[in-house]
Amino acid sequence: MAVVDQMRGIIRLGSMTLLLMLSCATSTRAAEPPAAIAPFTVVGDAIPAPLEARTGDAARGRKIVLDRETGNCLICHQVPVPTEPFQGDLAPSLAGVGSRLSPAQLRLRLVDQARINPDTLMPPYYRVDRLTRVASRFQGRPAFSGQEIEDVIAWLATLKE
């Protein structure tokens with residue numbers, strides 16, 4: 001059993017390393033100036049108020065989730081878009097996520113899933129502190145802007161079973 005646990009740990013570490021490498025290698029945000037992190041309040045397992053008081057757009061959110069350079073969500077998640085090849089299985093399927101989680105709960109998971117699960121593989125998309133092994137060109141900037149977070153939430157909230 002210990003060998004199996006060790007192998008799972010090695011696979012998990014390898015998956016996290018691959019995820020970080022792919023995120024850094026494929027991001028198109030490198031040329032943009034650093035974005036500021038707007039203050040937000042966590043209540044339980046959620047962030048109730050939209051980031052930067054933004055309203056999300058589901059069509060833009062869908063594009064972000066499916067874009068393998070911007071969000072790269074498909075490296076770990078499956079989405080209910082059968083025409084999209086090579087979807088991941090490291091993380092929960094996003095099918096029906098809008099029925100399981102509120103927009104406020106989705107917001108915290110996108111901002112920083114580690115606040116809920118410290119062992120998560122999911123990178124924080126709206127945090128710049130306490131990160132390791134971040135390429136210098138990505139330091140000091142969140143992976144997503146507040147608007148992009150809200151766009152992704154808008155689309156995920158439409159995914160009802």
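Colleague: So what's going on with the nonpolar core? Residues and values would help.
Modeller: Val 79, Ile 149, Val 152, Trp 155 and Leu 156 are the most contacted members of the largest nonpolar core, which has 25 residues in total. At 5 residues, helix H5 (residues 146–156) tops the list of elements feeding residues into this core.

Colleague: Can you break down the packing of aromatic side chains residue by residue, with the values?
Modeller: To describe a pair of aromatic rings, you give the distance between the ring centres and the angle between the ring planes. Applying the stated criterion across every chain yields a total of 2 aromatic pairs. Residues Phe 40 and Tyr 126 carry aromatic rings whose centres are separated by 6.3 Å and whose planes lie at 50 degrees to one another, so their mutual orientation is tilted. Taken together, the residues span a long stretch of sequence, with Phe 40 in the loop between helix H1 (2–26) and helix H2 (58–66) and Tyr 126 in the loop between helix H4 (103–112) and H5 at a distance of 86 residues.

Colleague: For the packing of H2 against H5, give the residues involved together with the corresponding values.
Modeller: Two numbers describe how H2 lies on H5: the axes approach to 7 Å, and their chain directions differ by 100 degrees. The orientation of H2 with respect to H5, classified from their angle, is roughly perpendicular. Facing H2, whose interface residues are Ala 58, Arg 60, Gly 61, Arg 62, Ile 64 and Val 65, H5 presents Gln 147, Glu 148, Asp 151, Val 152, Ala 154 and Trp 155. Its residues assigned to classes, the contact of H2 with H5 comprises 6 nonpolar, 2 polar and 4 charged.

Rules used in this analysis
Residues numbered from 1 in each chain as written. Predicted model: local features only at pLDDT ≥ 70, side-chain atom pairs only at ≥ 80, totals over all residues. Heavy atoms only, no water. Core = buried A, V, L, I, M, F, W, Y, C linked by side-chain atoms within 4.5 Å. Buried < 20%, exposed > 50% of the residue type's maximum accessible area, 1.4 Å probe, protein only. Helix = DSSP H or I, 4+ residues; strand = E, 2+ residues; numbered from the N terminus. Phe/Tyr/Trp six-rings, centres within 6.5 Å; stacked < 30°, edge-to-face > 60°. Axes fitted to C-alpha atoms, helices over the stretch in contact; angles between N-to-C directions. Parallel < 35°, antiparallel > 145°, perpendicular 65-115°, else oblique. Contact = heavy atoms within 4.5 Å. Nonpolar A, V, L, I, M, F, W, Y, C, P; charged D, E, K, R; others polar.

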